[in-house]
Amino acid sequence: MSQDFRLDSVGLINRDKKLSFKFNGKKYFGYEGDTLASALLANGVHLVGRSFKYHRPRGFFGAGVDEPYAIVQLYRNNETEPNIKATEQELFDGLEAKSVNCWPSVNFDIGAINNFLKIFLPAGFYYKTFMWPKSFWYRIYEPFIRKAAGLGVASTKHDKERYEHKYEYCDLLIAGSGPSGLSSAYAAAKNGAKVILAEDKPRFGGSLLTDDVNIGNQSGKDWAEGIIAELKTMPNVVVKNRSQIFGYYDHNMLVMSEKVSDHLPKTKKYHPNKRLWYIRAKEVLISSGSIERPIVFGNNDTPGVMLSSAAKEYLKVYGVLVGKNPLIFTNNDSGYETAIEFQKHGVQPTVLDSRKNPESEIIDEAKSLGINIKNSYVVVAAQGYKKVKSADVASISDDKKQLGKIENIKCDCICVSGFWTPSIHLASQSGNKTKFKEEIDAFVPGISKQQETTLGAANGVFSLEETLQTSFSKGSELSKKITGNDNEVSIPNVVEKKFSKHDKFWCVPLPAGKNYKRFLDFQNDVAVSDIEIALKEGYRSIEHVKRYTTLGMATDQGKTSNLNGLQLVSEIENKIVPAVGHTTFRPPYTPISIGAIVGREVGKHSKPTRKSPMHAWHEKNNAVFVDAGVWLRPRYYKRGNENLFEGSKREAKNVRTNVGVCDVTTLGKIDIKGPDAAELLNRVYTNAWLKLPVGKARYGVMLREDGIVMDDGTTTRISENHYHMTTTTAQAANVLSHLEYYLQLVWPELNVNVVSTTEQWAGAAIAGPKSRNVLQKLFPNLDVSNEGLPFMGYLEGDLFGVKARIFRISFSGELAYEVNVESDNGNFMWEKIMEVGEDFKIQPYGTEALSTLRIEMGHVAGSELDGRTIPYDNSLEGLVSKKKDFIGKRSLQRSAFTAEDRQKIVGVVPLDKKTSIPEGSHLVKDDKAPLPNPKLGHISASCWSVEYDNPFSLAILKDGKNMIGEKLFAMSPLKNKVIPVEIVSSHYVDPKGERVRS
Amino acid sequence: MRPQIEFSYGGDASVKRPELNKEISDQEWDDFVYNRKSLRGKHLELWQHISGCRQWIKVERDTATHEIFKTFKADEEVA
């Protein structure tokens, strides 16, 4: 297919390299250096999508980051990415893209019926209409809206691309490589400052690429190229294209997203797709330029209506004509620049200027070229549905209120210029309170909040000469302050055209009897009438108007719409724009890939995976693993076709009848040393610790200051001033911080040191009636009898040449021991245990069996110590000392904590002895009671009791101590279950605790 | 300068824990455990360098602007 709209020799594209691509399934070609937008326009494609709310046809409006319409679904190297701006996506060979927001196709869209409904979907439509009846929301309204609305589809596949994060420091960070960015970067670089210059586009130079100006006796573009080439040779300068600084945060930290690979068909080996830079800069220079703003008129969203500056960029950078019969509609001199470019390339434009008698150099030039210019003329409405076919135009009165007779003129595009809006986003994000600049009808940065300076067009300075002067001197001044160098840089002479004053005119009145939609926000379909409704309904604050109408809330963040919206509000409210104020600018400036933000912290990199020293053994023996905090723990060891239930039951049963071994390396371990160690423990735990003899362990419970149980575990006195504390796997880090808090801040007089030794020790729990036999074989020279190593006793021993610590403690409720060796010997220990245990039918058991054993014993764990329970609730009140003070003790006097009917742990058994009770079920008196049915308690943990071969659960139940024997219902709406249950003691097995002491 | 992610917030540093074994009213205890001013402006905070030296430090920070004015060691008197 020939490119009807491509000029022969104009532009910066590489015509030697043809690239083929597909859009909506159709094949086209473009050139290296094209964007998807310029390549489509070169092929005469203007219809690229449908609008968000009304599904009106959408074309191209801009040529860069400000684009509100041309959002596509991109396909690249078997991956898909939504919400890509066609104006930013560089063309590569084999690129595929599809329209979004249209169903079934861009040319025939069912949703467009919204467009022809008598009453348009007005502001707040969704709020008002879909609220009733309530039951319709989930079933009917929401699925429909979701299908019809939304931009693009996120891939459900794993993203194979890699994203990197990088931290960088510099003296000057410069956002934007237009005239101002280049000048300040050059001046600062010459003073030896460390400079980072960031440009979001592939090409450096900003407006110099398209403006007809002269710097230092060369074209603006050539000057820019020269400066960039020199900067690239300097070791103290980093220049980055395709890099968008999108967020300005505290302490002068800015974040930049560098597109490393998006312009290539495939990411190169070892390259990331994107790189996110966290940059801390001593000084930030914001040279982000300005964005042209539209003039609002009827049907101004028709494909073919676009910014005049975009038309100029397509022509000068890509050699593409956006139309062959263009109409330029302007209120300032910028429109003439575009008109002159058209005229120079053989296309005759017509210029409509809202001003009465504008006079300037550039207008004279346009006149001398023979361009048809109509003053005091406006576009009333664009005509054409999928593409502009003509325009209704009229003269306008001096007060801009009355339209003359409407005429229709043929055109194939309308290029609009409503003057320029400085891009103040970054300055505003830094905390700069912006101010309204009357001469340009726009906001500019005010007093700097952080170390930031805004220069050039971003600061509302539209003269090139002034921009270069201020930027060169600011670059010199700031770098001199930092480096102490003062290298003179001469400012080149500038030739530019002087512009005359723009017209403060932004919206064309509706002609009598016409009801054209006049859009302010093109991406969210917010029209003038929507703002009017919002104000009529009483919305006053611009922040509220924004949220109610969704003005400026689309992915383009209102880059082309905000100021016109403010103009409208100020006009209706009869306030001046600065009094209305603008909405808050928040990062990111433009949408950033989630992948880039997440960086490498995905999959296995999202958190460290901790494995015990015995992990390889578990793997070899068919362990099925489960995430336990950051640890991987065997859940059960699969035999044959066993499932989790069968396997864990077998393992638990074997512990009750023979002996089992469990990897308990993951338990938190804290080494505590110092003369005041006992005193610390006495303050931290609820029970007494001062009299614990050396060689003995004790179970302890620690509280937060609010009286809630924080953690439990055993601590053993290894020697006079040396203790070994264990914590639960989940709370290990918090308990360490907790101890450090009290030692460093509250009781610094205590002479104690604490350090985590979790990973220094490998642990194995040997549990079951035959565990002593196993232990005796492991330590043949030790007296491990009930007298030699009684319950809660501690011994040190030699395990076949390896130093071991032996604790007689039990979580399973059976006679049990925990053996610790240094981590490196963990696997050796484990294999020895399995070896000597064989005679006693030892089996390894996983966390599921561990849970079963502790649940039927009524031992509490994380599901009971859930941050809402006090010692009493867990039947641990016997461990609360009445004599001494400890952390959180005073809170236990709270009336709720001492209430007669305070919740308490109980056991729960289903009446049918068959139905397992889902964890989280609520306990209620009457399963038929009207909702909300009063909840008496909840099931905290469930298991299949291996002792009694029926289901058993633990519950935290209101007035638990008086509920034993009661019949209740366990209800789980999630699992759709109602189970009649009986309340029993939480100590379901061995209530007297004889086994652990046997 | 260290990135914020190495640190963990630990609450208001001006709160003093009542001494152990001291009779204390419900009100005083509530003030210690629960009642906090949600200040806008300068605030003395506790932070722990959890992914580092594990020191608890006091940080004078502006809650509105996030400006950090001064830091103190755990045992240092706040000037």
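A quick note: this is a predicted structure, and the numbers were derived from the prediction, not measured.

In terms of regular secondary structure, chain A is built from 23 helices and 50 strands. With respect to the three principal axes, the spread of C-alpha positions in chain A is 115 × 70 × 55 Å. Across the 998 residues in chain A, those meeting the buried criterion constitute 52%. Partitioning the contacts of chain A with sequence separation of at least 6, the portion at a separation of at least 24 is 67%.

Turning our eyes to something else, we now look at the environment of A:Thr550. All names here are of chain A. For Thr550, the location among the structural elements is in the loop between helix H13 (542-549) and helix H14 (562-573). On the neighbour-count criterion, Thr550 (21 C-beta atoms within 10 Å) is buried. As a C-alpha pair, Thr550 and Ile84 span 466 residues in sequence and 21 Å in three-dimensional space. Setting aside its immediate chain neighbours within four residues, Thr550 contacts Asn524 and Val526.

This part is about the interface of chain B and chain A. Each side of the interface is counted separately: chain B has 17 residues, and chain A has 16 residues. Taken together, the residues that form the side of chain B that touches chain A break down as eight nonpolar, six polar and three charged.

Take the pairing of strand E22 (residues 390-395) of chain A next. Working note: regular strand, side chains alternate between the two faces of the sheet. All names here are of chain A. Taken together, the six bridges between strand E21 (residues 377-383) and E22 define a ladder with antiparallel strand orientation. Among the inter-strand pairings, Tyr377 is bridged to a residue of E22, identified as Ser395. The turn linking E21 back onto E22 is made up of six residues, and Gly384 within it adopts a positive phi angle of 115°. Bridge count between E22 and strand E23 (residues 407-410): four bridges; the pairing is antiparallel. Across the sheet, Asp392 pairs through a bridge with Asn408, a residue of E23.

Another point: the packing of helix H5 (residues 179-190) of chain A against helix H11 (residues 464-483) of chain A. All names here are of chain A. Relative orientation of the contacting elements H5 and H11 amounts to 30°, with a least axis distance of 7 Å. Between H5 and H11, the crossing angle belongs to the class labelled roughly parallel. For H5 against H11, the interelement crossing comes out right-handed. Contacts between H5 and H11 pair Pro179, Ser180, Ser183, Ser184, Ala185, Tyr186, Ala187 and Ala188 from the former with Leu464, Thr467, Leu468, Ser471, Phe472, Lys474, Gly475, Ser476, Leu478 and Ser479 from the latter. Its residues assigned to classes, the contact of H5 with H11 shows nine nonpolar, eight polar and one charged.

Right, let's get into unusual backbone geometry. Residues and elements named next belong to chain A. For the bond from Pro587 to Pro588, the omega torsion is 0°, close enough to zero to count as cis. Here Pro588 shows up in the loop between helix H15 (577-580) and helix H16 (594-598). A cis amide bond, omega -5°, links Leu931 with the succeeding residue Pro932. Examined against the element boundaries, Pro932 turns out to sit in the loop between strand E46 (922-924) and strand E47 (937-945). We note that Arg242 has phi near 50°; this positive angle belongs to a residue other than glycine. Its place among the elements puts Arg242 in the loop between strand E12 (237-240) and strand E13 (243-249). Unusually for a residue other than glycine, Gln557 sits at a positive phi of about 50°. If you trace the backbone, Gln557 turns up in the loop between H13 and H14.

Residues and elements named next belong to chain A. Domain boundaries in chain A define domain 1 (14-133 + 141-148), domain 2 (163-290 + 422-495), domain 3 (294-418) and domain 4 (899-998). Each partner contributes to the interface: domain 1 provides eight residues, whereas domain 2 provides eight residues. Classifying every residue of the side of domain 1 that touches domain 2 gives two nonpolar, three polar and three charged.

The rules we used
Residues numbered from 1 in each chain as written. Chains lettered and ligands numbered in written order. Predicted model: local features only at pLDDT ≥ 70, side-chain atom pairs only at ≥ 80, totals over all residues. Helix = DSSP H or I, 4+ residues; strand = E, 2+ residues; numbered from the N terminus. Buried ≥ 20, exposed ≤ 12 C-beta atoms within 10 Å, placed from the backbone. Contact = placed C-beta atoms within 7 Å. Nonpolar A, V, L, I, M, F, W, Y, C, P; charged D, E, K, R; others polar. Pairing = 2+ DSSP bridges. Axes fitted to C-alpha atoms, helices over the stretch in contact; angles between N-to-C directions. Parallel < 35°, antiparallel > 145°, perpendicular 65-115°, else oblique. Left-handed = near helix turned anticlockwise from the far one by under 90°. Domains from an automatic or database assignment.

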